[in-house]
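Tertiary structure, described
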Amino acid sequence: MKVLFTLLLMPVCSVTFAQKLETLTVEKIMRDPKWMGVAPSAICWSNDGKNIYFNWNPTGADRDELYTITPANTKPEKVSIADQRNITPERTTWNKKHTAILYGKNGDIYITDIKTNKTQQLTNTVEIEGGATFSGDESKVLFTHGDNLYSLKLNGGELVQLTNFTHAAAGVAPAVIAGPPAGRRGGGGGQVAATNARVQSTGNVQDRWLRAEQLELFDIIKVKDKDRKLDSAARKDFEVKRLKDIAVGDQQVAGVTLSPDGRFVTYTLIKPATDAKTTIVPNYVTASGFTEDIPNRTKVGVAQDVYESFVFDTQRDTVYKVNTSTIPGIKDIPAYFKDYPKELERRTKLNEDRKVLMRSVYWNEDGKYAVVVISAQDNKDRWIMKLDPTTGALTILDREHNDAWVGGAGSRNLGWLDNTHFYYESEASGYAHIYVTDVTDGTKKQLTNGNWEVQTLQLSNDKKTFYFTANIEHPGITHFYKLPVTGGVPIKLTSMKGGNVVALSPDEKWLAINYSYANKPGELYVQANKAGAAAVQVTNSTTEEFKSYPWKDPQLVTFKNRYGSDVYAHLYLPAKQDPAKPAVVFVHGAGYLQNVTYGWSSSYFREYMFNNMLADNGYTVLDVDYSGSAGYGRDWRTAIYRHMGGKDLTDQVDGVKMLVEKYGVNPKHVGLYGGSYGGFITLMALFTAPETFTAGGAIRSVTDWAHYNHGYTDNILNEPYNDEKAYRASSPIYFADGLKGNLLMLHGMVDVNVNYQDIIRLSQKLIELHKENWELASYPVEDHGFVQPSSWTDEYKRIYKLFEQTLKK
């Protein structure tokens, strides 16, 4: 057993690259990526649709710079700092006619007239204003300042505060101070009022009798009583109506919105979870010379915030809660509790409502209907419901339930088509598709259908057409389509085979396309928004050195797994197979990610080059989109529910079986490697499938899911104290005794995603199990995603050495 600590030096980068790349080595491919050329990124349109902006670095400078083109002039030009200051942010709010935009910049709010290109600053304060939108009649701008909602009249500038959330104890009415009416001087009436203010009526019968007797017997009491009543009436005549105080205590205020008619304010109160313990990541290489702690995240199973949503009816000056108790399935107990009969019985008796979160409120233009999206905190349900703002009552429009978890491509693409029809995406058919519901009667219509996914979705300005990205032709090919909102056959707008990431111009006349192919990094193209139109290439980013090497276009193959499903994979075949007939399986990370496509892998371009190098040296390489990967629908996405390291691992094993049977690979000479989720699979493979895998390089690996974050892990494995079986079945640390092959673990020491503690705990377990065939390489300055070329180089030299020494015997 070896524990290796790699000391790092800051790299010296050069913009001068060799012109010919004949032989791949780890040192060459793991250099600063500038040697390859820097592809354009962050591609977006100006709000008037005249310019495309993008980050680019064609000269190999220290940093990317901002460039611009127009559809008429596609020669990229640098954008000056002065011009950059005047560029509006990408996140803007349009008015209905698309003639003006609102946006926030440096904490203030601006409005720009698109036709005249004139901009007016609406606020100029030290504190931050945000969430700027137009009012229903577009005569005002609505925005939040602190917790509260304000309106600012566009013509005249009148500023009105619409809510008054106070952090006094909830339910405690603040004191109201009212003096005598204007023009009235102090005297007997004022003294009487002051005296009466000190008298507390107990409602006691005796007290009321005595007061009545005093009033009957003494004239002076009668005079004072009459004076008190007159004084009270006079004050009421001059009383100014103040905004209702809404006491929220220690809760946070979020999602404050105003109905188009200005009557209803909806908002959510968040009660933060208390005593949420967080991890700490020690940083050893610091400018101070001292070890410094990096405050980090919580672990899965931590108590969650509690959400409640409300309506403030300004007309009735009343606040009431949105009633979630009538939501269909609100008391459902997750199906996995059938494996825990005692807990199931306990929850059945309690009969409690599940905790939910009202994510958004969508008002139609005339303000007659409001639609809300509500998610169960256990993420087994998503409800789209109609809200009656006068009562807080909810009516179901759509319920998407999944015993695993609700998610997938496009789950948050939704909005109004017109005043009565609401669109959204759902995996109800097994794949993410577009649906429209009529809110007046609850009827639904599915607009797209098939074994493919709608991945992005945008409604046209005139609300007659949907634009979307989908993988209709093949799971690994994305194109941009348009479709009438009434349904029909999608019309393909892009034509280049590979990956097409499209930004539609605000005037909907042009497409800015980031196009890539499996062996070609992304480049910017411009195309007219017409089917069959030619796309014009704008950038040519790769260096001559990168172009000089014949990068492989890996075969995109399928094989059947043991459950009869098609598994998609990239296959790299060596021109000359090594006599040992070795093979390596690369396992992509993230879990829910698609790597087997005809497009360039921006996430795993280094691994792509490393796979090329392995093939050049006689290895057969397989890259699998295993169960749990994106792009293949609901059932593939959730196939890992309650057992990570189950079907996702057996897909790798079945892939090796295919390599042995079809490509002559030696079954005793197979290794694998991967990072993050790929590192996790590598550990599970070495621990539970030692008969298939001889060696593995596990990078930044999760070793025990009970120590990962809540948002990701809770969806797949539930909470560790509620579903211990799932965690024990899915965590490599419980299977470490099965290690027989050769294991290399590599981890950044300042990893704030998968903490270094994870790999240290597994190391201790291996020590206690007296395992010897493992190593740990630690990288003192690296987070989850490595940055330094020296780290990348050291890491992959070790992995390559492992394979050379163990797979070519």
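Conventions adopted
Residues numbered from 1 in each chain as written. Predicted model: local features only at pLDDT ≥ 70, side-chain atom pairs only at ≥ 80, totals over all residues. Heavy atoms only, no water. Pairing = 2+ DSSP bridges. Helix = DSSP H or I, 4+ residues; strand = E, 2+ residues; numbered from the N terminus. 1 Å grid on protein atoms, 1.4 Å probe; cavity = no way out; pocket = protein on both sides within 12 Å on 5 of 7 lines; lining within 4 Å. Points joined across faces, edges and corners; volume = space filled by probe spheres on them. Nonpolar A, V, L, I, M, F, W, Y, C, P; charged D, E, K, R; others polar. Axes fitted to C-alpha atoms, helices over the stretch in contact; angles between N-to-C directions. Left-handed = near helix turned anticlockwise from the far one by under 90°. Contact = heavy atoms within 4.5 Å. Salt bridge = Lys/Arg side-chain N within 4 Å of Asp/Glu carboxyl O. Buried < 20%, exposed > 50% of the residue type's maximum accessible area, 1.4 Å probe, protein only. Phe/Tyr/Trp six-rings, centres within 6.5 Å; stacked < 30°, edge-to-face > 60°. Expected span 1.5 Å × (residues − 1). Core = buried A, V, L, I, M, F, W, Y, C linked by side-chain atoms within 4.5 Å.

The strand order E26-E27-E28-E29 describes an open sheet built from four strands, whose pairing is antiparallel. Pairing within the sheet leaves two strands with one partner each, and these edge strands are strand E26 (415–416) and strand E29 (444–446). Two strands pair when backbone bridges link them, and E26 and strand E27 (residues 421–426) are joined in this way by two bridges, in the antiparallel orientation. For Trp416, the partnering residue across the bridge sits in E27 and is Phe422.

A few words now on empty space enclosed by the protein. A water-sized probe rolled over the atoms picks out the places where empty space is left. Under the counting rule described, the total for this entry stands at two cavities of 30 Å³ or more. Around the largest cavity sit 14 residues that line it, and His570, Tyr572, Asn595, Ser601 and Tyr608 are the ones nearest its centre. Elements with a minimum of two residues in the lining of the largest cavity: strand E39 (566–572) and helix H8 (605–616). Among the elements that take part in the lining of the largest cavity, H8 stands out by supplying three residues, more than any other. Across the lining of the largest cavity, the residue classes break down as six nonpolar, six polar and two charged. A volume near 30 Å³ is recorded for the second largest cavity. Along its surface, the second largest cavity is lined by Phe586, Tyr604, Glu607, Tyr673, Gly674, Gly675, Ile699, Arg700 and Tyr796. Of the residues forming the lining of the second largest cavity, the biggest block, three residues, is contributed by strand E42 (residues 670–675). Residue classes in the lining of the second largest cavity are distributed as five nonpolar, two polar and two charged.

This paragraph deals with the packing of H8 against helix H15 (residues 789–807). Contact geometry for H8 and H15: axes closest at 12 Å, N-to-C directions at 35°. Between H8 and H15 the crossing geometry is right-handed. For the pair H8 and H15, the contacting residues are Arg606, Glu607, Phe610, Met613 and Leu614 in the first and Trp792, Tyr796, Ile799, Tyr800 and Phe803 in the second. Along the lines of polarity and charge, the residues of the contact of H8 with H15 split into eight nonpolar, no polar and two charged.

Before going further, it helps to spend a moment on the pattern of salt bridges. By the definition in use, this model includes 38 salt bridges. When the shortest N-O distance is used, the salt bridge between Arg347 and Glu343 registers 2.7 Å. On the criterion of helical spacing, the pair formed by Arg347 and Glu343 is a turn pair, its members being four residues apart in helix H6 (residues 341–350). For Arg347, a relative accessible area of 27% gives the class partly exposed.

This part covers the pairing of strand E22 (residues 356–363). Two strands pair when backbone bridges link them, and E22 and strand E23 (residues 370–376) are joined in this way by seven bridges, in the antiparallel orientation. For Trp363, the partnering residue across the bridge sits in E23 and is Ala370. What sits between E22 and E23 in their antiparallel hairpin is a turn of six residues, with Gly367 showing a positive phi close to 75°.

All right, on to unusual backbone geometry then. Positioned with a positive phi, Asn106 is a non-glycine residue whose angle comes to about 55°. Following the sequence through the fold, Asn106 ends up in the loop between strand E7 (100–105) and strand E8 (108–113). Residue Asn106 is classed as exposed on the basis of its relative accessible area of 73%. Of note, Asn718 is a non-glycine position whose phi angle comes to about 65°, a positive value. Relative to the helices and strands, Asn718 is located in the loop between helix H12 (710–717) and helix H13 (724–730).

Before going further, it helps to spend a moment on the packing of aromatic side chains. Applying the stated criterion to the full structure yields 45 aromatic pairs. Between Tyr267 and Phe310, the ring centres sit 5.5 Å apart and the planes meet at 15°, which makes this aromatic pair stacked. Residue Tyr267 is found in strand E17 (residues 264–271), and its partner Phe310 is found in strand E20 (residues 306–313); the two are separated by 43 residues along the sequence. The buried category is assigned to Tyr267, whose relative accessible area is 1%. Taking 5.4 Å as the distance between ring centres and 25° as the angle between the ring planes, the aromatic pair formed by Tyr568 and Tyr632 counts as stacked. In this pair, Tyr568 sits in strand E39 while Tyr632 sits in the loop between strand E41 (620–624) and helix H9 (634–637), placing the two residues 64 residues apart along the sequence. The exposure class of Tyr568 is buried, given its relative accessible area of 19%.

It is worth spelling out the environment of Glu724 at this point. Among the structural elements, Glu724 can be located in helix H13. The spatial distance from the C-alpha of Glu724 to the C-alpha of Tyr340 is 9.9 Å, given a sequence separation of 384 residues.

Next up on the list: H8. The first and last C-alpha atoms of H8 sit 17 Å apart over 12 residues, in line with the 16 Å expected at 1.5 Å per residue. A large share of H8 lies buried, amounting to 11 of its 12 residues. Those residues of H8 that sit buried are Phe605, Arg606, Glu607, Tyr608, Met609, Phe610, Asn611, Asn612, Met613, Leu614 and Ala615.

A separate point is the nonpolar core. The nonpolar side chains of a soluble globular protein tend to be buried, and buried together. Counting 78 residues, the largest nonpolar core has Phe687, Phe693, Trp705, Leu743, Met745 and Leu766 as its most contacted members. Broken down by element, the residue count for this core peaks at eight residues, all from helix H11 (residues 677–688). Contact partners of Phe693, with chain neighbours within four places excluded, come to Val585, Gln652, Val653, Val656, Val670, Gly671, Leu672, Ala685 and Leu686.

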